[in-house]
Amino acid sequence: QVQLVESGGGLVQAGGSLRLSCAASGRTASSYAMGWFRQAPGKEREFVAARGGPGTSTYYANSMKGRFTISRDSAKNTVYLQMNSLKPEDTAVYYCAARRSIWIRTSVLDYDVWGQGTQVTVSS
């Protein structure tokens with residue numbers, strides 16, 4: 001059973017940067033597509049970015065393109081989300097998710113395993 005543990009959230013001023021980490025356990029985790037989602041208070045959980053399994057690609061939500069970068073260290077079974085030029089509207093709980101497929105999807109319904117979430121707060 002794959003388990004995910006996020007870390008790296010915190011409080012940052014607008015314009016600043018944070019890097020989130022998602023450590024995955026489980027033998028098959030390296031072949032899964034991995035995604036980042038976020039949920040602000042009173043809002044639905046939304047797609048941020050995803051990286052497919054080996055040999056596939058990455059995909060970003062439009063509002064994150066150019067500011068966020070998803071990367072993967074297969075040796076460490078860890079996925080990262082580098083967030084730059086942060087804005088107050090990026091404030092949310094950020095969740096890491098794994099999909100039992102190498103292919104990327106953007107719907108929360110397509111992901112099988114979720115982490116506990118990490119809070120990101122951007123002050124103005």
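Everything below is about the structure shown above.
This write-up is about the structure you can find in this document.

Rules and cut-offs
- Residues numbered from 1 in each chain as written.
- Predicted model: local features only at pLDDT ≥ 70, side-chain atom pairs only at ≥ 80, totals over all residues.
- Heavy atoms only, no water.
- Helix = DSSP H or I, 4+ residues; strand = E, 2+ residues; numbered from the N terminus.
- Core = buried A, V, L, I, M, F, W, Y, C linked by side-chain atoms within 4.5 Å.
- Buried < 20%, exposed > 50% of the residue type's maximum accessible area, 1.4 Å probe, protein only.
- Contact = heavy atoms within 4.5 Å.
- Polar contact = N/O pair within 3.5 Å; in protein donor to acceptor, adjacent residues only side chain to side chain.
- Pairing = 2+ DSSP bridges.
- Phe/Tyr/Trp six-rings, centres within 6.5 Å; stacked < 30°, edge-to-face > 60°.
- Lys NZ or Arg CZ within 6 Å of the ring centre and 35° of its normal.

Details of unusual backbone geometry
Note: most residues except glycine have negative phi, and most peptide bonds are trans. The backbone of Asn-77 shows a phi angle near 50°, a positive value even though the residue is not glycine. Along the chain, Asn-77 turns up in the loop between strand 7 (68-73) and strand 8 (78-83).

A closer look at the nonpolar core
Ranked by internal contacts, the top residues of the largest apolar core, which has 35 residues, are Leu-4, Trp-36, Leu-81, Met-83 and Tyr-94. Contributions of two or more residues to this core are made by strand 3 (18-25), strand 4 (33-39), strand 5 (46-51), strand 7, strand 8, strand 9 (92-99) and strand 11 (118-123). Here this core gets five residues from one element, more than from any other, and that element is strand 9. Not counting residues within four places of it along the chain, the set of residues in contact with Leu-81 comprises Leu-18, Arg-19, Leu-20, Trp-36, Val-48, Ala-49, Phe-68, Thr-69, Ile-70 and Tyr-94.

Thoughts on the side chain of Thr-78
As for its placement among the helices and strands, Thr-78 is situated in strand 8. Residue classification places Thr-78 among the buried positions, given a relative accessible area of 9%. A distance of 2.9 Å separates the side chain of Thr-78 from the backbone oxygen of Lys-76, its partner in a polar contact. Residue contacts for Thr-78: discarding those within four places in its chain leaves Ser-21, Cys-22, Ala-23, Ser-71, Arg-72 and Asp-73.

Points about the pairing of strand 1 (residues 3-7)
Residues Leu-4 and Glu-6 line the buried face of strand 1, whereas the alternating positions Gln-3, Val-5 and Ser-7 sit on a face that is not buried. Relative to strand 3, strand 1 runs antiparallel, the two being bridged by five bridges. Considered in strand 3, the bridge of Glu-6 is made with Cys-22.

Quick notes on the packing of aromatic side chains
On inspection of all chains with the given rule, the structure shows six aromatic pairs. Between Phe-37 and Phe-47, the aromatic rings sit 5.6 Å apart at their centres with planes inclined by 75°, giving edge-to-face as the arrangement. Of this pair, Phe-37 sits in strand 4 while Phe-47 sits in strand 5; the two residues are 10 residues apart in sequence, bridging distant segments of the chain. In terms of burial, Phe-37 and Phe-47 fall into one category: buried. Stacked on the ring of Tyr-95, the Lys or Arg Arg-45 has its end atom at 3.7 Å from the ring centre.

Shape descriptors only; they carry no functional weight alone.
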